[in-house]
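What follows is the residue order along each chain.
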Amino acid sequence: MTRDRRRWAALAVLLVAEAMNLLDATIVQVAGPAIHAELPGPAADVPWFSAAYTLPFAVFLITGGRLGDIFGRAKVFKLGVAGFVLASLACAAAPDAGLLIAARAVQGAAAALIIPQTIGLIRARFDGGELAKALGTIGPVMGLSAVTGPLLGALLTQAISWRAVFLVNVPLGLAVLLAARLLREDRAATRPRLDLAGTVLVVAGTGLLVYPLIDPAGTNWALLAAGAVLLAGFGFQQRRAAAPLVEPSLFAHRGFPAALAGSLLFFAVMTGLMQVVPMHLQLGLGADVRTAGLTLLPLSAGLAVSSAVAGAWLVPKFGARVMFAGLALLLSGILAMQAGGAGAYPWALALCGLGMGTFTVPFFTAALHQVRPHETGSAAGLLNAVQQLGGTLGVALLGGLYLGTGSATAAFGAGAALAVAAASAVVPLTTRRGAPDLSSRRGR
């Protein structure tokens, strides 16, 4: 592969786009109550300010990756960034909550065109050891975006307006578009077909499953059942599709389905907590948006520290079993908030953050460890999609429970139950038949 000095600049372009999109998944969580105060409507609108973004982001991620295979990853990437910038402007100018929610949905769909192209475009410019180094930059950027989003949202809302939360995307997006000429076009060697039937089934099924959980009128069990039926139909359709959205061979090994279930449940807890805490502080206790954002800072710090420690020491020494220590810390933090109230939030959230970082490092390593080369793209896309779907469900379940009962204690109880369920779901990743050997001690 020809070496050129511009390849690192091209990587920076991709990373800025990653950060811009992932920031937007969390930046509104703190600003939601302030938006609600200015755009009158039911309190049930607040979870939708986040869920309207993450839901289309989740369900279109795999399709977005396939479009890059078909039409070219650089072309689809630039189209997604342009759509994201325009949708951000629409969000900032929204005169009412309904139009804001609609613009957020367009933002999420545009993000689903951008994110899946990153790995392919990096591989088009790097190889060998440099490729591993370049791919290794994605994780820290994702983590930094996730933990700084709520704080940045709070500061911008407090200092300027909630509209600035969306306007910050405009200069970033325009800079990415201007620098996108650095990207080298890349597409699949064999042009695949787009699975339209699979796309319709997964989008409709997921939407019907999530909407009733956020619907202020109460849970609509008929819609939930219809969503479950459509998603089951999607699973059967993928087995028979000539060009499936999901590689069927991924499900031949029991570890990957366990990873999907664990990802769904864990990110439901993580995102749900980051939604409920700011809502309770602002709507329930009357705190300002800056206070709510700063309250989440211990969680961010704990996540950053524990991720570094887990990657450098815990996982090499103890392997995938470290996941259970992370979930135990997370559960302890949730129970402390449930028992101690707002006074316990700072140190309890730090405990939650330590648990989140301790869990995520061994989890993603174990989840992708036994995936074969031709399954990598589909596996990464599916895990990312399920992660976003889990976040949407967390906002719907925990946020909806808080708004429905007015009780943070009830929402934290549901979060604790989801954490326990996540621990049960990932057991196959640590048993003899399903577990990869991640520890350097035992791998020698």
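Coordinates for the structure precede this section.
Since the structure is predicted, the reported quantities are computational estimates derived from the model, not experimental observations.

Visitor: Explain the overall build of the chain to me, please; I cannot follow it from the model alone.
Guide: Secondary structure assignment for the chain yields 20 helices and zero strands. Within the chain, buried positions represent 53% of all 444 residues. Considering only intrachain contacts with a sequence separation of at least 6, the fraction spanning at least 24 residues in the chain is 83%. Total accessible area on the chain is roughly 17600 Å²; 67% of this is exposed by carbon and sulfur atoms.

Visitor: How should I be thinking about the packing of aromatic side chains in this particular structure?
Guide: Aromatic rings considered in pairs are described by the distance between their centres and by the relative angle of their planes. The final tally for this structure, using the stated rule, is nine aromatic pairs. For the ring pair Trp 162 and Phe 166, a centre distance of 6.1 Å and an interplane angle of 85° mean the geometry is edge-to-face. Like Phe 166, Trp 162 is buried. An aromatic cluster is built from Phe 266, Phe 267, Phe 359 and Phe 363, whose rings are joined through pairwise contacts.

Visitor: Explain the environment of Phe 324 to me, please; I cannot follow it from the model alone.
Guide: Within the secondary structure, Phe 324 is located in helix α16 (residues 322–340). The partly exposed category is assigned to Phe 324, whose relative accessible area is 29%. Residues Phe 324 and Val 427, 103 residues apart in the sequence, show an inter-C-alpha distance of 9.0 Å. Residue contacts for Phe 324: discarding those within four places in its chain leaves Ala 423, Val 426, Val 427 and Thr 430.

Visitor: Just checking my understanding: could you explain a positive patch on the surface for this structure?
Guide: Together, Lys 75, Lys 78, Arg 187 and Arg 191 make up a positively charged patch on the protein surface. Note on placement: Lys 75 falls in helix α4 (residues 73–93). The partly exposed category is assigned to Lys 75, whose relative accessible area is 48%.

Visitor: Quick question: what am I supposed to make of the nonpolar core here?
Guide: In a soluble, globular protein the nonpolar side chains are often hidden away together inside. Judged by nonpolar contacts, the single largest core of 95 residues is most densely connected at Phe 77, Leu 273, Leu 330, Met 337, Met 356 and Phe 412. Among the nonpolar cores identified, the runner-up in size contains 22 residues, and Ile 35, Ala 92, Ala 94 and Leu 100 belong to it.

Visitor: What is the right way to look at helix α1 (residues 6–26) in this model?
Guide: For an α-helix the count is 3.6 residues per turn, leaving residues at separations of three or four pointing the same way. A rise of 1.5 Å per residue sets the reference length of α1, with its 21 residues, at 30 Å; its end C-alpha atoms lie 31 Å apart and thus fit the reference within 8%. Among the 21 residues in α1, 16 count as buried, and that is most of the element.

Visitor: I would appreciate a short explanation of the packing of helix α13 (residues 255–284) against α16 in the present structure.
Guide: When two helices pack together, their arrangement is given by the angle between their axes and by how far apart the axes lie. One way to put it is that α13 packs onto α16 with a least axis distance of 12 Å and a crossing angle of 30°. Comparing the axis directions of α13 and α16 gives the class roughly parallel. Regarding α13 and α16, the two cross each other, and that crossing is left-handed. Of α16, the residues touching α13 (which contributes Phe 266, Val 269, Leu 273 and Val 277) are Leu 327, Leu 330, Ile 334 and Met 337. Within the contact of α13 with α16, the residues separate by chemical class into eight nonpolar, no polar and no charged.

Visitor: Sorry, what's going on with the environment of Val 203 here?
Guide: Assignment of secondary structure puts Val 203 in helix α11 (residues 196–214). For Val 203 and Phe 60, which are 143 residues apart along the polypeptide, the C-alpha to C-alpha distance reads 7.4 Å. Beyond its immediate chain neighbours, meaning those up to four positions away, Val 203 contacts Val 59 and Phe 60.

Visitor: Teacher, can you tell me more about the side chain of Gln 107 here?
Guide: Examined against the element boundaries, Gln 107 turns out to sit in helix α5 (residues 97–114). Assessed through its relative accessible area of 0%, Gln 107 is described here as buried. At 3.0 Å, the side chain of Gln 107 and the side chain of Arg 104 are in polar contact. Beyond its immediate sequence surroundings of up to four residues, Gln 107 is in contact with Asp 24, Tyr 53, Phe 84, Ala 87, Ser 88, Cys 91, Phe 166 and Asn 169.

Visitor: Any chance you could explain the pattern of salt bridges here in plain terms?
Guide: In a structure, side chains of opposite charge can pair up when their charged atoms sit close to one another. Under the counting rule described, the total for this entry stands at two salt bridges. A salt bridge links Arg 104 to Asp 24; the shortest N-O distance between them is 2.7 Å. Linking Arg 104 in helix α5 with Asp 24 in helix α1, this pair joins segments that are 80 residues apart in sequence. As a salt-bridge pair, Arg 163 and Glu 38 come within 3.4 Å of each other at their nearest N and O atoms. Taken together, the residues Arg 163 in helix α9 (residues 163–167) and Glu 38 in helix α2 (residues 28–38) connect sequence positions 125 residues apart. Among the residues examined, Glu 38 registers a relative accessible area of 42% and is labelled partly exposed.

Visitor: Looking at this model, I keep getting lost on the packing of helix α15 (residues 297–318) against helix α17 (residues 345–369). Mind explaining?
Guide: With their axes 7 Å apart at the nearest point, α15 and α17 run at an angle of 35° to one another. Note that α15 runs across α17; the crossing there is right-handed. Residues Pro 298, Leu 299, Gly 302, Leu 303, Ser 306, Ser 307, Ala 310, Gly 311, Leu 314 and Val 315 of α15 pack against Pro 346, Leu 349, Ala 350, Cys 352, Gly 353, Leu 354, Met 356, Gly 357, Thr 358, Thr 360, Val 361 and Pro 362 of α17. Of the residues that constitute the contact of α15 with α17, the class distribution is 14 nonpolar, eight polar and no charged.

Visitor: What should I look at first to understand the environment of Arg 104 in this one?
Guide: A residue is classified by how much of its surface remains accessible, and Arg 104, at 0% relative accessible area, is buried. Distance in space between the C-alpha atoms of Arg 104 and Ala 87 is 7.1 Å, their sequence separation being 17 residues. Apart from the residues within four sequence positions on either side, Arg 104 is in contact with Asp 24, Val 28, Phe 49, Ser 50, Ala 52, Tyr 53, Cys 91 and Phe 166.

Criteria and thresholds
- Residues numbered from 1 in each chain as written.
- Predicted model: local features only at pLDDT ≥ 70, side-chain atom pairs only at ≥ 80, totals over all residues.
- Heavy atoms only, no water.
- Helix = DSSP H or I, 4+ residues; strand = E, 2+ residues; numbered from the N terminus.
- Buried < 20%, exposed > 50% of the residue type's maximum accessible area, 1.4 Å probe, protein only.
- Contact = heavy atoms within 4.5 Å.
- Areas by Shrake-Rupley, 256 points an atom, 1.4 Å probe, with all protein chains shown as cover.
- Phe/Tyr/Trp six-rings, centres within 6.5 Å; stacked < 30°, edge-to-face > 60°.
- Patch = residues over 30% accessible without salt bridge, like charges linked within 9 Å, V, L, I, M, F, W, Y side chains within 5 Å.
- Salt bridge = Lys/Arg side-chain N within 4 Å of Asp/Glu carboxyl O.
- Lys, Arg positive; Asp, Glu negative; His and termini not counted.
- Charge placed at Lys NZ, Arg CZ, Asp CG, Glu CD.
- Core = buried A, V, L, I, M, F, W, Y, C linked by side-chain atoms within 4.5 Å.
- Expected span 1.5 Å × (residues − 1).
- Axes fitted to C-alpha atoms, helices over the stretch in contact; angles between N-to-C directions.
- Parallel < 35°, antiparallel > 145°, perpendicular 65-115°, else oblique.
- Left-handed = near helix turned anticlockwise from the far one by under 90°.
- Nonpolar A, V, L, I, M, F, W, Y, C, P; charged D, E, K, R; others polar.
- Polar contact = N/O pair within 3.5 Å; in protein donor to acceptor, adjacent residues only side chain to side chain.

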